[in-house]
Amino acid sequence: MGGWRNAVQEAAGSKPLFLTIYATVIVGIVVSSFYVFSAIYSPSASTTQSVSTSWLSSPSLSQNGVSLSSGQSINISQPSGIASQPGSNNLRPIWEAPPRTSKMPPLKFFSLTKELVEERAKDNVIIVTFGNFAFMDFILTWVKHLTDLGVSNLLVGAMDTKLLKALYWKGIPAFDMGSHMSTIDVGWGSPTFHKMGREKVLLINAILPFGYELLMCDTDMVWLKNPLPYLARYPDADVLTSSDQVVPTVVDDRLADWKQVGAAYNIGIFHWRPTEPAIKLAKEWKDMLLADDKIWDQNGFNELVRRQSGPAVDDDSGLFYAFDGNLKLGILPESIFCSGHTYFVQAMYEQLRLEPYALHTTFQYAGTEGKRHRLREAMVFYDPPEYYDAPGGFLSFKPSIPKSLLLEGENNLESHFSLINYQMKQIRSALAIASLLNRTLVMPPLWCRLDRLWFPHPGVLVGSMTRQPFLCPLDHVFEVNVMLKDLPVEEFGPAINIREYSFLNNPLLPQQVKESWLDVQLCQEGTEDCHASSNTSRPGLLRFPKHSGEETFKTVFSAFKDVKVIQFSSMQDAFLGFSDKTREEKFRNRVKRYVGIWCCVDSHTPGHIYYDMYWDEKPGWKPAPPQTPEDDHPPF
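Given the structure is predicted, the values throughout are model-derived calculations rather than measurements.

**Side note on the overall build of the protein**
Next, step 1: Looking only at helices and strands, one finds 18 helices and 26 strands in the protein.
Next, step 2: Across the 636 residues in the protein, those meeting the buried criterion constitute 60%.
Next, step 3: Pairs at least 24 residues apart make up 74% of the contacts formed inside the protein by residues separated by at least 6 positions.
Next, step 4: Carbon and sulfur atoms provide 51% of the accessible area of the protein, an area that totals close to 24,900 Å².

**Some thoughts on the nonpolar core**
Next, step 1: Among the nonpolar cores identified, the biggest contains 57 residues, and Phe478, Phe557 and Phe568 are the most heavily contacted of them.
Next, step 2: Sorting elements by how many residues they give to this core places helix α13 (residues 413-437) first, with twelve residues.
Next, step 3: When near neighbours in sequence (up to four residues on either side) are disregarded, Phe568 contacts Leu395, Ser396, Phe397, Lys398, Val520, Leu522, Phe544, Phe553 and Phe557.
Next, step 4: Ranked by size, the runner-up nonpolar core spans 48 residues in total, among them Ile94, Leu154, Leu167 and Leu231.

**Comments concerning the side chain of His457**
Next, step 1: One can find His457 in the loop between β17 (446-448) and β18 (470-472).
Next, step 2: For His457, a relative accessible area of 7% translates into the label buried.
Next, step 3: Excluding residues that lie within four positions of it along the chain, His457 makes contacts with Asp451, Arg452, Trp598, Cys599 and Cys600.

**Quick notes on the pairing of strand β12 (residues 327-331)**
Next, step 1: With four of five residues buried, β12 is to be regarded as a mostly interior element.
Next, step 2: By the bridge criterion, three bridges tie strand β11 (residues 320-322) to β12 in an arrangement that is antiparallel. Along β12, the bridge assignment pairs Tyr321 with Lys328.
Next, step 3: Connecting β11 to the antiparallel partner β12 that follows it, the hairpin turn spans four residues, and Phe323 within it adopts a positive phi of roughly 65°.

**Topic: the layout of surface pockets**
Vacant regions in the atomic arrangement are exposed by a probe of water-molecule size rolled over the atoms.
Next, step 1: Counted as a void, the largest pocket has a volume near 420 Å³.
Next, step 2: Sorting elements by how many residues they give to the lining of the largest pocket places α13 first, with six residues.
Next, step 3: Residues belonging to the lining of the largest pocket are distributed by class as follows: nine nonpolar, four polar and seven charged.

**Describing the state of the cysteines**
Next, step 1: If you walk through the whole model with that rule in mind, you get three disulfides.
Next, step 2: Cys523 shares a disulfide with Cys530; S-S distance 1.9 Å. On the sign convention where negative means left-handed, the S-S torsion of about 90° between Cys523 and Cys530 marks this disulfide as right-handed. Each member of the pair, Cys523 together with Cys530, is buried.

**Observations regarding the confidence of the model for the protein**
Next, step 1: Considering every residue of the protein, the mean pLDDT works out to 86; 83% of them sit at 70 or more.
Next, step 2: Counting interchain partners and residues more than four positions distant, the pLDDT-below-50 stretch residues 1-89 has 286 contacts.

**What about the sheet that holds strand β7 (residues 221-223)?**
Next, step 1: Strand order across the open sheet formed by three strands is β7-β14-β13, with mixed pairing between neighbours. In the strand order of this sheet, the two ends are held by β7 and β13 (337-338), each with one partner.

**Quick look at helix α17 (residues 550-557)**
Next, step 1: Looking only at α17, the buried set comprises Glu550, Phe553, Val556 and Phe557. Projection of α17 onto a plane perpendicular to its axis shows the buried side chains occupying an angular sector of 150°, all on one side.
Next, step 2: Looking at the buried positions of α17, the neighbouring elements they touch are α13, β20 (517-523), β21 (541-545), β22 (548-549), β23 (565-568) and β24 (575-577).

**Section: the sheet that holds β21**
Next, step 1: Strand order in this open sheet of six strands is β19-β16-β15-β23-β20-β21, and the pairing throughout is parallel. Bordering the open sheet on either side are β19 (498-499) and β21, each of which pairs with just one other strand.
Next, step 2: Here two bridges tie strand β16 (residues 440-442) to β19, and the two strands are oriented parallel to one another. Counted as the bridge partner of Leu441 is Ile498 from β19.
Next, step 3: Across the sheet, α13 is in contact with β15 (394-397) and β16; its angle to β15 comes to roughly 155°.

**What to know about the pattern of salt bridges**
Next, step 1: On inspection of all chains with the given rule, the structure shows 22 salt bridges.
Next, step 2: Asp252 is the partner of Arg254 in a salt bridge, and the nearest nitrogen-oxygen pair spans 2.9 Å.
Next, step 3: What makes Arg254 partly exposed here is its relative accessible area of 46%.
Next, step 4: Arg588 is the salt-bridge partner of Glu617, the closest N and O atoms lying 2.7 Å from each other. On the criterion of sequence distance, the pair formed by Glu617 in the segment after β26 (609-610) and Arg588 in helix α18 (residues 581-592) is long-range, its members being 29 residues apart.
Next, step 5: Linked by salt bridges that have partners in common, Lys425, Arg428 and Asp616 make up one network.

**Quick look at unusual backbone geometry**
With the exception of glycine, most residues fall at negative phi, and the peptide bonds are largely trans.
Next, step 1: Across the junction of Gly310 and Pro311, the peptide omega takes the value 5°, indicating a cis bond.
Next, step 2: Here Pro311 lies in strand β10 (residues 309-312).
Next, step 3: With an omega of 0°, the peptide bond between Cys599 and Cys600 qualifies as cis.
Next, step 4: A positive phi angle, near 50°, is found at Asp123, a position not held by glycine.

**Regarding the packing of helix α3 (residues 136-148) against helix α4 (residues 161-170)**
Next, step 1: Closest axis-to-axis distance for the α3/α4 pair is 11 Å, and the angle between their directions is 35°. For the pair α3 and α4, the sense of crossing is right-handed. Contacts between α3 and α4 pair Met136, Ile139 and Leu140 from the former with Leu163, Ala166, Leu167 and Lys170 from the latter.
Next, step 2: Tallied by class, the residues present in the contact of α3 with α4 amount to six nonpolar, no polar and one charged.

**What about a negative patch on the surface?**
Next, step 1: Where like charges cluster on the molecular surface, the negative patch consists of Asp236, Asp314, Asp315 and Asp316.
Next, step 2: Position of Asp314 relative to the elements: it lies in the loop between β10 and β11.

**Some remarks on the environment of Tyr349**
Next, step 1: Within the fold, Tyr349 resides in helix α10 (residues 348-351).
Next, step 2: Residue classification places Tyr349 among the buried positions, given a relative accessible area of 16%.
Next, step 3: Between the C-alpha atom of Tyr349 and that of Ile336, which follows or precedes it by 13 residues, the distance is 5.8 Å.
Next, step 4: Residues contacting Tyr349, with those up to four places away along its chain left out, are Ser335, Cys338, Tyr343, Leu354 and Pro356.

**Let's talk about the side chain of Asp238**
Next, step 1: Mapped onto the secondary structure, Asp238 falls in the loop between α6 (228-232) and β8 (239-243).
Next, step 2: Notably, Asp238 is buried but unbridged: the nearest opposite-charge side chain belongs to Lys328, and the N-O separation is 5.8 Å.
Next, step 3: Within the structure, the side chain of Asp238 is placed 2.6 Å from the backbone nitrogen of Lys328, a separation counted as a polar contact.

Rules and cut-offs
Residues numbered from 1 in each chain as written. Predicted model: local features only at pLDDT ≥ 70, side-chain atom pairs only at ≥ 80, totals over all residues. Heavy atoms only, no water. Helix = DSSP H or I, 4+ residues; strand = E, 2+ residues; numbered from the N terminus. Buried < 20%, exposed > 50% of the residue type's maximum accessible area, 1.4 Å probe, protein only. Contact = heavy atoms within 4.5 Å. Areas by Shrake-Rupley, 256 points an atom, 1.4 Å probe, with all protein chains shown as cover. Core = buried A, V, L, I, M, F, W, Y, C linked by side-chain atoms within 4.5 Å. Pairing = 2+ DSSP bridges. 1 Å grid on protein atoms, 1.4 Å probe; cavity = no way out; pocket = protein on both sides within 12 Å on 5 of 7 lines; lining within 4 Å. Points joined across faces, edges and corners; volume = space filled by probe spheres on them. Nonpolar A, V, L, I, M, F, W, Y, C, P; charged D, E, K, R; others polar. Disulfide = S-S within 2.5 Å. pLDDT = per-residue confidence, 0-100. Arc of directions from axis to C-beta. Axes fitted to C-alpha atoms, helices over the stretch in contact; angles between N-to-C directions. Salt bridge = Lys/Arg side-chain N within 4 Å of Asp/Glu carboxyl O. Left-handed = near helix turned anticlockwise from the far one by under 90°. Patch = residues over 30% accessible without salt bridge, like charges linked within 9 Å, V, L, I, M, F, W, Y side chains within 5 Å. Lys, Arg positive; Asp, Glu negative; His and termini not counted. Charge placed at Lys NZ, Arg CZ, Asp CG, Glu CD. Polar contact = N/O pair within 3.5 Å; in protein donor to acceptor, adjacent residues only side chain to side chain.

This is the structure:
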């Protein structure tokens, strides 16, 4: 799944970590492909029925897998007279849950059979993803996007019984993969991560002989437009694959120009037809991975497919011969089958005035939490209703950025860090106020002047369409996974919940939240109507003095504890500071860990530079990489 990405997952941690990171980067550059494993999550949309938890702790049912030469197993059955999916003669619509009074059938009814694929397929195409229970919210989002697009020819492979049960009671067509996998999140590059990659290869080899076209997807991607008509435009293709290409090769919706695609082919989105060349490729890929458990599935795919590149199949289609010279391969255009870079950083589809089909959360930081936050920023992740109406309400503010910091001068290290630091100081105040008022902070949009990657670069990728400045994902600067982590209260004070910058514009925001709103206008104390009081100057508007302290905030805003959204006109000079020094120290310990690194300069090793939440307390602070190994640590 995704480019050079989480191989060097941020982690403003310790010196050993960054030594590991740079070793990984070097290896990544040599093999020219490191990709973030597409997480398999998906939150439940408000329209879906919630899953009861009473059965989630029930004992795991026995599994009947077919043993493979590798010792792995996948629950695949050949055609039989037994229906593979409950109610197969009268399929329920997706999302229509079974009656709660009914009993879930035994696992044998969830075997992957030709009949199961046949009853779900449409126009001989089946769309498949798979995962474990840890990624259920990603899976539900994946399914919801497809069903909202009118696409129902889909199946989800469940790698653990807990997920299978949850999907069954949600009314989502699923099959048992019999992998006995852990239900917890898996780390990039871990043995479990590699096992998931092999399961994908096994699935492809299992389904292709059934005679159906297979659109195989990672579940850290979402469908924004029905892809099936696009794929049908290329009936001669044996395989159509996405890629990690970040430089545009075409400016319309044609297949990418294969001669210009230098980046790795990305197996997070690819379409297989049950042709002899495709089946041969799938088998060789499987044999390669089962023979060597150290090979990453995506690297193995690239190695095989790139044995031969060209010639073109014809003058027009964009297909070319690959693999053994008989496989007809096409590369999906990078502008509309988007990676995390072409979508979130470049907004390539937007600049080219195209409609994106897919968004894959590659080229990102902060692990699974970073993926989820990216999708939330794009307002394409489906969270449960309580996400949009949190206890204690929300706090937001309008960021203030001088034009000179955003638009003037060169785009370089100094101008980038000046811009980020200016915004960071406002966010620091907002985090403090949110903590005092026990509110969830809606993060502001974040502007960057330089891209963030895993290797030295001149600021943006040469040839890409990255504009400077650009609205950058939160994980370019902030350690989203740390912000969402349960840190010990004794050491770090109370948790501060956050929401994505687009949160208040999300159509899923309930009316009761939209209608419960207080605007806070900062003012100079002593001027007209500017007093530390809960009296509003007009309904929904409070003028509040700048440079107010902890007790003033608590006293005044206690009168508005039932208001859902409090929005400040600015955070400039809003907060004077904590009066409780113990609480302040814990707050500082917490938020120092919220920021990560920028990477990387090419004139120094290591080339990363640490962001510092309290940069303004260090006279003469300048952005610079660590000068000695002893300096190579976060600023805490």
